[in-house]
Amino acid sequence: MRDRLLGYRARMTGISGMTSSWLDDHVDDLRNGMDSLVRQQHQVAAWGAALAAHLASGGRLLTAGNGGSAAEAQHLTAEVVGKFDRDRRPFSGICLSAESSSFTAILNDYGADQVFARQVAGHGRVDDVLVLMSTSGRSANVVRAARAGRDLGLRVWALTGRTPNPLARAADEVVSVDATSTAAVQEVHLVALHAICAALDQALQGAAPREAAGMIVG
């Protein structure tokens, strides 16, 4: 029993050491990614202000991504339809990767590369904002959505990893994260989304008297 316990402790010590090594490397990578985001803070603030004006005038936000980026795309629309820091009226946010019936029907009938582009064509209107997320910037379905959005006159914003990449080239504007791992890029993207929402709230605060009439107080 004692030998088994000592063996278990030795294995756990080894696992702990590997975890610590991964965390150390990840924190360094994350720090580099955050530094690159801070250097682009004016772009992030401009997106928040532009999104506030667009949504307040009745426009739509469309978002999409794959995997972890799909979850973050849905997170952004939840903040837009719900709220971030302060109460306000709800705005239109549609996460294309969360539309499971449309997603699977398009996947079945038109193929994986069209699952977002076809939804952009159906939902998007001229000047609507389309936010696309890809850690690699090479996801074919996201790149096709960007091209479809631009062809239809939407404003296409991309959150990617390191540039250059196809999504960055296909978008109107891009915020890129200078990190090596998918995990670090996704984590910095989440911070970027929160920064956009904070900038949106700040822009709307200047219109507080007008917004108050439509505000939902929880």
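Residues numbered from 1 in each chain as written. Predicted model: local features only at pLDDT ≥ 70, side-chain atom pairs only at ≥ 80, totals over all residues. Heavy atoms only, no water.

Colleague: Got a minute to help me understand the packing of aromatic side chains in this structure?
Modeller: For any pair of aromatic rings, geometry is given as the distance between the ring centres together with the angle between the planes. Evaluation of the coordinates by the stated rule reveals two aromatic pairs. The interplanar angle of 5 degrees and the centroid separation of 4.9 Å between the aromatic rings of Trp-47 and Trp-157 together place this pair among those described as stacked. Of the two residues, Trp-47 is situated in helix α2 (residues 41-56) and Trp-157 in strand β4 (residues 155-160); the sequence distance between them amounts to 110 residues. Relative to Phe-116, the ring of Phe-103 has its centre 5.8 Å away and its plane inclined at 65 degrees; by these criteria the two rings are edge-to-face. (Phe/Tyr/Trp six-rings, centres within 6.5 Å; stacked < 30°, edge-to-face > 60°. Helix = DSSP H or I, 4+ residues; strand = E, 2+ residues; numbered from the N terminus.)

Colleague: Teacher, can you tell me more about α2 here?
Modeller: Side chains that are three or four residues apart share a direction in an α-helix, a result of its 3.6 residues per turn. For α2, built from 16 residues, the straight-helix expectation of 22 Å at 1.5 Å per residue is met to within 8% by its first-to-last C-alpha distance of 23 Å. Looking at α2, one finds that the buried residues are Val-44, Trp-47, Gly-48, Leu-51, Ala-52, His-54 and Leu-55. Looking at the residues trailing α2, positive phi occurs at Gly-58, about 100 degrees. (Expected span 1.5 Å × (residues − 1). Buried < 20%, exposed > 50% of the residue type's maximum accessible area, 1.4 Å probe, protein only.)

Colleague: Hey, could you run me through the sheet that holds strand β1 (residues 60-65) in this one?
Modeller: The strands making up a sheet are joined through hydrogen bonds of the backbone, oriented either antiparallel or parallel. Spatially, five strands are ordered β2-β1-β3-β4-β5 in an open sheet, and the strand pairing comes out parallel. Either end of the sheet is taken by a strand with one partner, and the two such strands are β2 (92-95) and β5 (173-176). With direction set aside, neighbouring strand axes in the sheet form an average angle of 15 degrees. When β1 meets β2, the two strands line up parallel, connected through four bridges. For Leu-62, the partnering residue across the bridge sits in β2 and is Ile-94. Along the sheet, helix α3 (residues 68-81) contacts β1, β2 and β3 (129-134); its crossing angle with β1, the most-contacted strand, is approximately 160 degrees. (Pairing = 2+ DSSP bridges. Axes fitted to C-alpha atoms, helices over the stretch in contact; angles between N-to-C directions. Contact = heavy atoms within 4.5 Å.)

Colleague: Sorry, what's going on with the packing of α2 against helix α8 (residues 182-205) here?
Modeller: A pair of packed helices is captured by two measures, namely the crossing angle of their axes and the spacing between those axes. Viewed as axis vectors pointing N to C, α2 and α8 meet at an angle of 55 degrees, and their least axial separation amounts to 7 Å. It follows that α2 is oblique to α8 by the angle criterion. Here the hand of the crossing between α2 and α8 comes out right-handed. Every residue of α8 that contacts α2 at Val-44, Ala-45, Trp-47, Gly-48, Ala-49, Leu-51, Ala-52, Leu-55 and Ala-56 is listed here: Ala-192, Ala-195, Ile-196, Ala-199, Leu-200, Ala-203 and Leu-204. Considering only residue class, the contact of α2 with α8 consists of 15 nonpolar, one polar and no charged. (Parallel < 35°, antiparallel > 145°, perpendicular 65-115°, else oblique. Left-handed = near helix turned anticlockwise from the far one by under 90°. Nonpolar A, V, L, I, M, F, W, Y, C, P; charged D, E, K, R; others polar.)

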